[in-house]
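Summary of structural features
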Amino acid sequence: MPNIEETVLQSDSSEAEGEVQKPKTPGQSQENKSFCSDSHRPECQPEVLSVTELIETIKEVSKLSIAHEIVVNKDFYMEESVLPPNSLEGRFVDTVYKAFWDHLKEQLLSTPPDFTCALKLLKEVKEILLSLLLPRQNRLRNEVEEALDMDLLKQEAEHGALDVPHLSNYILNLMALLCAPARDEAVRKLKSITDPVQLLRGIFHVLGLMKMDMVNYTIRSLRPYLKEHSVQYERAKFQELLDRQPNLLECTTKWLTKAAADITPPSSSSPDSPGSSTMACALPNWAADNSELPSPTMVLYQGYLNLLLSDSDKEEFPETLLMDRIRLQEMESQLRQLTILTSVLLVARSFSGNVLFNSPEFVDKLKCITKALTEEFNSRPEEAMLSVSEQVSLEIQQGLKSMGLSALSSKNTASLTGQLQNIAKKENRVRTIIDQRIRLFLKCCLVRGMQESLLDFPGGLILIKGELADLGWKFVNLMRHNQQV
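Here is what the cut-offs are and how they apply
- Residues numbered from 1 in each chain as written.
- Predicted model: local features only at pLDDT ≥ 70, side-chain atom pairs only at ≥ 80, totals over all residues.
- Heavy atoms only, no water.
- UniProt positions renumbered as here; feature names shortened; annotations may be inferred.
- Helix = DSSP H or I, 4+ residues; strand = E, 2+ residues; numbered from the N terminus.
- Expected span 1.5 Å × (residues − 1).
- Bend = angle between axes of the 7 residues up to and from the residue.
- Polar contact = N/O pair within 3.5 Å; in protein donor to acceptor, adjacent residues only side chain to side chain.
- Buried < 20%, exposed > 50% of the residue type's maximum accessible area, 1.4 Å probe, protein only.
- Axes fitted to C-alpha atoms, helices over the stretch in contact; angles between N-to-C directions.
- Parallel < 35°, antiparallel > 145°, perpendicular 65-115°, else oblique.
- Left-handed = near helix turned anticlockwise from the far one by under 90°.
- Contact = heavy atoms within 4.5 Å.
- Nonpolar A, V, L, I, M, F, W, Y, C, P; charged D, E, K, R; others polar.
- Patch = residues over 30% accessible without salt bridge, like charges linked within 9 Å, V, L, I, M, F, W, Y side chains within 5 Å.
- Areas by Shrake-Rupley, 256 points an atom, 1.4 Å probe, with all protein chains shown as cover.
- Salt bridge = Lys/Arg side-chain N within 4 Å of Asp/Glu carboxyl O.
- Phe/Tyr/Trp six-rings, centres within 6.5 Å; stacked < 30°, edge-to-face > 60°.
- Lys NZ or Arg CZ within 6 Å of the ring centre and 35° of its normal.
- pLDDT = per-residue confidence, 0-100.

The chain appears in an unreviewed UniProt entry as T-complex 11 from Equus caballus. According to its UniProt record, the chain has this under Sequence similarities (unreviewed entry): "Belongs to the TCP11 family."

As for unusual backbone geometry
The step from threonine 111 to proline 112 runs through a cis peptide bond, and the omega angle for that step is -5 degrees. Assignment of secondary structure puts proline 112 in the loop between helix H3 (88-109) and helix H4 (116-131).

Description of helix H9 (residues 196-244)
When the terminal C-alpha atoms of H9 are compared, their 53 Å separation across 49 residues is substantially less than the 72 Å that a helix rising 1.5 Å per residue should span. Histidine 229 marks the point of greatest bend in H9, at about 65 degrees. Sitting at the head of H9, aspartate 195 places a side-chain oxygen 3.2 Å from the backbone nitrogen of valine 197.

What about the environment of glutamate 234?
Along the polypeptide, glutamate 234 turns up in helix H9. When the C-alpha atoms of glutamate 234 and glutamine 484 are compared, they prove to be 10.0 Å apart, with 250 residues separating the residues in sequence.

Comments concerning helix H13 (residues 325-357)
If you check H13, its first and last C-alpha atoms are just 37 Å apart, much less than what 33 residues at 1.5 Å a residue would give, namely 48 Å. Buried residues dominate H13, accounting for 24 of its 33 residues.

Description of the packing of H13 against helix H14 (residues 360-373)
Here H13 crosses H14 at 155 degrees, and the two axes come no closer than 11 Å. With respect to their mutual orientation, H13 and H14 come out roughly antiparallel. Considering only the axes of H13 and H14, their crossing is right-handed. For the pair H13 and H14, contact is made by Leu341, Val344, Leu345, Ala348, Leu356 and Phe357 and by Phe362, Val363, Leu366, Lys367, Thr370 and Lys371, respectively. Across the contact of H13 with H14, the residue classes break down as 9 nonpolar, 1 polar and 2 charged.

Digging into a nonpolar patch on the surface
On the surface, Phe92, Val96 and Tyr97 cluster together into a nonpolar patch covering about 330 Å² of accessible area. Following the sequence through the fold, valine 96 ends up in helix H3. Judged by its relative accessible area of 40%, valine 96 is partly exposed.

What to know about the packing of aromatic side chains
Going through the model one piece at a time under the given rule, you end up with 4 aromatic pairs. Aromatic side chains phenylalanine 100 and tryptophan 101 sit 5.1 Å apart centroid to centroid with 75 degrees between the ring planes, which places their arrangement in the edge-to-face category. For the ring pair tryptophan 255 and tyrosine 304, a centre distance of 6.0 Å and an interplane angle of 40 degrees mean the geometry is tilted. With a gap of 49 residues between them, tryptophan 255 in helix H10 (residues 250-263) and tyrosine 304 in helix H12 (residues 296-309) connect regions that are remote in the sequence. Like tryptophan 255, the residue tyrosine 304 is buried in the burial classification. A cation over an aromatic ring shows up here: lysine 465 above the ring of phenylalanine 457, its NZ or CZ 5.3 Å from the ring centre.

Details of the confidence of the model for the chain
A residue-level look at the chain finds 77% of positions with pLDDT of 70 or above and a mean pLDDT of 78. Segment residues 5-46 is flagged for pLDDT under 50; beyond a separation of four residues in sequence, or across chains, it makes 97 contacts in the model. Considering only residues more than four positions removed or in separate chains, one finds that residues 268-290, a stretch of pLDDT under 50, has 23 contacts.

Looking at the pattern of salt bridges
Applying the stated criterion across every chain, the model contains 17 salt bridges. Two residues, glutamate 467 and lysine 371, come together in a salt bridge whose shortest N-O distance is 3.8 Å. Residue glutamate 467 is found in helix H19 (residues 465-484), and its partner lysine 371 is found in helix H14; the two are separated by 96 residues along the sequence. For glutamate 467, a relative accessible area of 22% translates into the label partly exposed. Aspartate 435 is paired through a salt bridge with arginine 439; the nearest N and O atoms lie 2.7 Å apart. A residue pair is termed a helical-turn pair when its members lie 3 or 4 positions apart in one helix, as aspartate 435 and arginine 439 do in helix H17 (residues 429-448) at 4 residues. One salt-bridge network, in which partners are shared between bridges, spans Lys367, Lys371 and Glu467.

Next up, the structure:
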């Protein structure tokens, strides 16, 4: 039976792949967190603020959170909010909207027609259209002001001379001119609607989408400027919050104090902590002797790693990083998934040899299978690994057969499934080693930089080099930005 522990501990330098290019950060919709409301423990609670101070603080946090999100998440964008149809809030909104549009219909069908609500809606349409214009579009702005002159329209309505079809046609033509190409079809569909109430309802819906498009265009336009000035902006805004709440950094202080304790060298009489020799040989020596205190930079790096490698739901979270809490939780989840995935791949390779694993298609197939079957690993580890062991064993047998190689014996098959199922245990030796190596790699990425760390990639992790590099880039870029702030 293959000795999987020896396999994991061996260097895989002969399998080194080419340089991994810097990946793109996937889009994600982040939930803004308030510095005032995120800490639940009494010792992390700031002093009680007045209502006015609280409102001002929330406003500043909101501005800071949005600017930070635009800078660190290049795929950040605003999207239409859709309420669940069967939710209480969704039913309430639908009921109110239906009552409003029914009332509008009654007014327009009355004799003579009542244009009170219609004029209010036209005024809103005008304001939205004007908001979609760029500052330099003065001629078009004057044209809209003239065509949708509310005083004139009110007089026409009072004398029964309001030309609704003409107004609708003008608005739709203007929307077609201003909308993004993605909205062309929606505007064309509006032109086929004859019922005035349905038409107004459709116009407001499409205008809402066009406003969202304009917001996203503005975000893309502002991003280069924000990137250039974001560090100074975030630092200044956070200083304003700190001036209002002098005790704001209590959890940050505890976080850094713990990080400093984690890397403070033990006295010569104290035994080395587990794994310390491994870390020492792989990272540059930040202290010439054990009598020196760790540098502030190394304390900060250790603090970042502690956030990524610990259960952030239960830990006191530093106030300076609350805006990235969800992002770090997602990275923490990816790290756990990579640990399980690598453990499965290495166990499988130790039984099937390099013949199958020299095929990128076979490796990718095992990755997809493992990722799909371990989605519920946190809640049901034993069940997940039972499914993984059965499916991976089957894939190996089929792969060996397709290449004309001998199938695994019943004894080796039983050993393979047993070792795969054993990965469900936290103390599993393979899983522990892989976890340590991933942690070491991420620390090297912070200390030595991504390019150098990718050139000196850890043995045993080659099979997930692309995925781990992607996680490393995201983690390092995020932490570098926060370090500068």
